[in-house]
Amino acid sequence: MCYAVSVGPDPFGPYYRYEFLRPLFPDYPRPAIWSDGYYNPTSTGDNRISETIATQKHACVADRVRMLKGEAATEQCVIIENVNFLNNADIDGRNLPPAGAPNVMMAAGGTQLDKILEADTIDVWQFHVDWKNPANTKVTGPEKIRVAPYHYLCDGQLTNCVPQPGTDRRLDAQGDKIMARLVYRRIGNRESIVAVHSVNTTAGGGGVRWYEFRIEKDRKVRLHQQGTYASDGLFRWMASPAIDRLGNIGIGYSFGGPSTFAGQRFAARLASDPPGQLTLGESVLVEGEDAQTVMRWEDYTQTAIDPGDDCTIWYVGDYIKKGAAGYSSRIGAFRLPGCR
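Because the structure is a prediction, the values reported are computed rather than measured. Every chain begins its residue count from 1, and numbering advances along the sequence as written. With pLDDT at 70 or above as the cut-off, local features in this predicted model cover only qualifying residues; side-chain atom pairs require 80 or more to be listed or tallied, and sums for whole chains, interfaces and linings still use all residues. Side-chain metrics rest on all non-hydrogen atoms present in the structure, leaving aside hydrogens and water.

Peer 1: So, the overall build of the chain: which residues are in play, and what are the values?
Peer 2: A run of H or I in DSSP becomes a helix once it reaches four residues, and a run of E becomes a strand once it reaches two; helices and strands are each numbered from the N terminus. On a plain count of helices and strands, the chain comes out with one helix and 24 strands. Atoms considered for the radius of gyration are the C-alpha atoms alone. The globule rule reads 2.2 Å times the number of residues to the power 0.38. In terms of C-alpha radius of gyration, the chain reaches 20 Å, essentially the compact-globule figure of 20 Å for 340 residues. By principal-axis analysis of the C-alpha atoms, the chain measures approximately 60 × 55 × 40 Å. The rule is simple: take the accessible area with a 1.4 Å probe, protein chains only, and divide by the maximum for that residue type; under 20% is buried, over 50% is exposed, in between is partly exposed. Going through the 340 residues of the chain one by one, you find that 54% of them count as buried. In the chain, once contacts between residues fewer than 6 apart in sequence are set aside, the share between residues at least 24 apart is 56%. Each accessible area is a Shrake-Rupley estimate made with a 1.4 Å probe; only the visible protein chains count as cover when residues are assessed. Counting every atom, the chain has about 15000 Å² of accessible surface; 52% of that belongs to carbon and sulfur. In this analysis, two residues are considered to be in contact whenever any of their non-hydrogen atoms come within 4.5 Å of each other.

Put into structure tokens, the structure is as follows:
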């Protein structure tokens, strides 16, 4: 697993570069920044490991404090068996978690390899790292937090079910997992985490299931609100969330269907809105112009809060231009009402 850490504010470099060797193949890295480390969980593959072990996941953390200085650094990993894809809380904004607070790690329920394609819980772990004494590093959990029942969009990954105009080729929706980062935001003493994944809908398309969790004083995680955004029978999938400094939530995602080429859209809510609703509706970042001829749609879209104002939400996703052989990317930004 390789890291490049910027020496200063210039994205053109220079960078401190690190390589950490892992005993398991590091597929699907999903990095997250926490006060005490760069957390980066990975998977070992798509096939069952043995009769008793369906999956192996790596929960890893690299020594951020040393890496920011360009000093010799290490990575610590814990192997977790028979769980879905892991994601770690990633800090938005400048208010850090309480000193020593463990990182929160989550995964969707179910196991596609066992054909368990639905669940009514989200699994939660606490990841504590000890750089002075690695023997004390531990992952505790999972705690299963009850949520509204869900079924993986398209029955999970590599199932190619999202339709496109003018072709029989359908797209993979990666519906079995939380793909994008878990977004952490601290406002005063309130700590929130937003997570998203893709689910089947009663209208026959795909929807964005989103959650806001709150972390209690004892570090227990509880569900604060949840919703499924699916305003019609079309497909919304591969979402990525962000929280601005006022606690407003914005979510970008892929959008498409039988008569609509895959493109990118976003929806949002204010912190004061009724629970469970993306009340600000849907806006278009870019419309798709042609069908993709291979099954694998992009694995990620991405949101990021602009550190200059802690309000602007940047979003990037892919689409196909008319007659193009491959992707184009569109980058856009939006602010939610009241955040200046």
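Peer 1: Break down the environment of G338 for me, with residues and values.
Peer 2: Looking at where G338 falls in the secondary structure, it is placed in the segment after β24 (328-334). Note: C-alpha distance between G338 and L270 (68 residues apart in sequence) is 8.9 Å.

Peer 1: Tell me what's going on with the state of the cysteines, and back it up with residues and numbers.
Peer 2: Two cysteine sulfur atoms form a disulfide, by the criterion used here, when they sit within 2.5 Å. Applying the stated criterion across every chain, the model contains three disulfides. One disulfide in the model links C60 with C77; its S-S distance is 2.1 Å. Of note, the bridge from C60 to C77 carries an S-S torsion of about 115° and is right-handed in sense. Of this pair, C60 sits in strand β6 (residues 56-62) while C77 sits in strand β7 (residues 75-81), and the two are 17 residues apart along the sequence. C60 sits in the buried class, given a relative accessible area of 0%.

Peer 1: So, the environment of I193: which residues are in play, and what are the values?
Peer 2: Along the polypeptide, I193 turns up in strand β15 (residues 190-200). Distance in space between the C-alpha atoms of I193 and V294 is 34 Å, their sequence separation being 101 residues. In this structure, I193 is in contact with A89, V104, M106, L182, V183, Y184, Y211, E212, F213 and I215, ignoring residues within four places of it in sequence.

Peer 1: So, the sheet that holds strand β23 (residues 313-319): which residues are in play, and what are the values?
Peer 2: Strand pairing is assigned whenever DSSP identifies at least 2 bridges connecting the two strands. Here we have three strands laid out as an open sheet, ordered β22-β23-β24, and antiparallel in their pairing. In this open sheet, the two strands that pair with only one neighbour each are β22 (302-305) and β24. The sheet shows a mean angle of 20° between the axes of neighbouring strands, taken without regard to direction. Helix axes use the C-alpha atoms of the stretch in contact, all axes being lines fitted to C-alpha atoms, and the angles between their N-to-C directions lie in the range 0 to 180 degrees.

Peer 1: I'd love a proper account of the side chain of S198, names of residues and values included.
Peer 2: Mapped onto the elements, S198 comes out in strand β15. In contact with S198, other than residues within four places in its own chain, are H151, Y152, L153, A173, G175, G207, W237 and M238.

Peer 1: So, the packing of aromatic side chains: which residues are in play, and what are the values?
Peer 2: Think of it this way: a Phe, Tyr or Trp ring, Trp meaning its six-membered ring, pairs with another when their centres are within 6.5 Å, and the plane angle makes it stacked under 30 degrees, edge-to-face over 60, tilted otherwise. Considering all chains together, one arrives at 11 aromatic pairs under this definition. Their ring planes at 35° and their centres at 5.6 Å tell us that Y211 and F213 sit as a pair that is tilted. The rings of Y3, Y18, F20 and Y38 are connected pair by pair, giving a single aromatic cluster. Consider the ring centre and the ring normal. A charge sits over the ring if Lys NZ or Arg CZ is within 6 Å of that centre and within 35 degrees of that normal. Here the guanidinium or amino end of K177 rests over the ring plane of F85, the centre of that ring lying 4.6 Å away. Its guanidinium or amino end placed over the ring of F255, R265 lies 3.6 Å from that ring's centre, counting from NZ or CZ.

Peer 1: Break down the pairing of strand β17 (residues 221-229) for me, citing the residues and quoting the values.
Peer 2: Summarising the sheet, strand β16 (residues 206-215) and β17 pair through eight bridges and their orientation is antiparallel. If you follow V208 over to β17, its bridge partner there is Y229. Hairpin geometry of β16 and β17 is characterised by an intervening segment of five residues between the two adjacent antiparallel strands and by a positive phi of about 75° at R219.

Peer 1: Mind laying out empty space enclosed by the protein, listing which residues take part and the relevant values?
Peer 2: Here a cavity means grid points, on a 1 Å grid over the protein atoms only, where a 1.4 Å probe fits yet cannot get out; a pocket means an open set of points with protein on both sides within 12 Å along at least five of seven lines; lining residues are those with an atom within 4 Å of a point. Grid points are joined across faces, edges and corners, and a volume is the space filled by probe spheres set on the points. Scanning all chains against the criterion turns up one cavity of 30 Å³ or more. Within this model, the largest cavity holds a volume of roughly 50 Å³. Lining the largest cavity are Q174, K177, M179, A180, V196, H197, S198, M238 and A239. For the lining of the largest cavity, the secondary-structure elements that each account for two or more residues are β15 and β18 (235-243). With three residues, β15 is the largest single contributor of residues to the lining of the largest cavity. Of the residues assigned to the lining of the largest cavity, the class counts are five nonpolar, three polar and one charged. For this scheme, ten residues count as nonpolar: Ala, Val, Leu, Ile, Met, Phe, Trp, Tyr, Cys and Pro. Four count as charged, namely Asp, Glu, Lys and Arg, and the remainder, Gly too, count as polar.

Peer 1: Can you break down the layout of surface pockets residue by residue, with the values?
Peer 2: Space inside the largest pocket adds up to approximately 770 Å³. Along the wall of the largest pocket there are 30 residues; nearest its centre are I33, D90, I91, R181 and Q302. Elements represented by at least two residues in the lining of the largest pocket include exactly β3 (32-34), β8 (87-92) and β22. When residues in the lining of the largest pocket are grouped by element, the largest group, five residues, is from β8. When its residues are assigned to classes, the lining of the largest pocket shows 16 nonpolar, six polar and eight charged.

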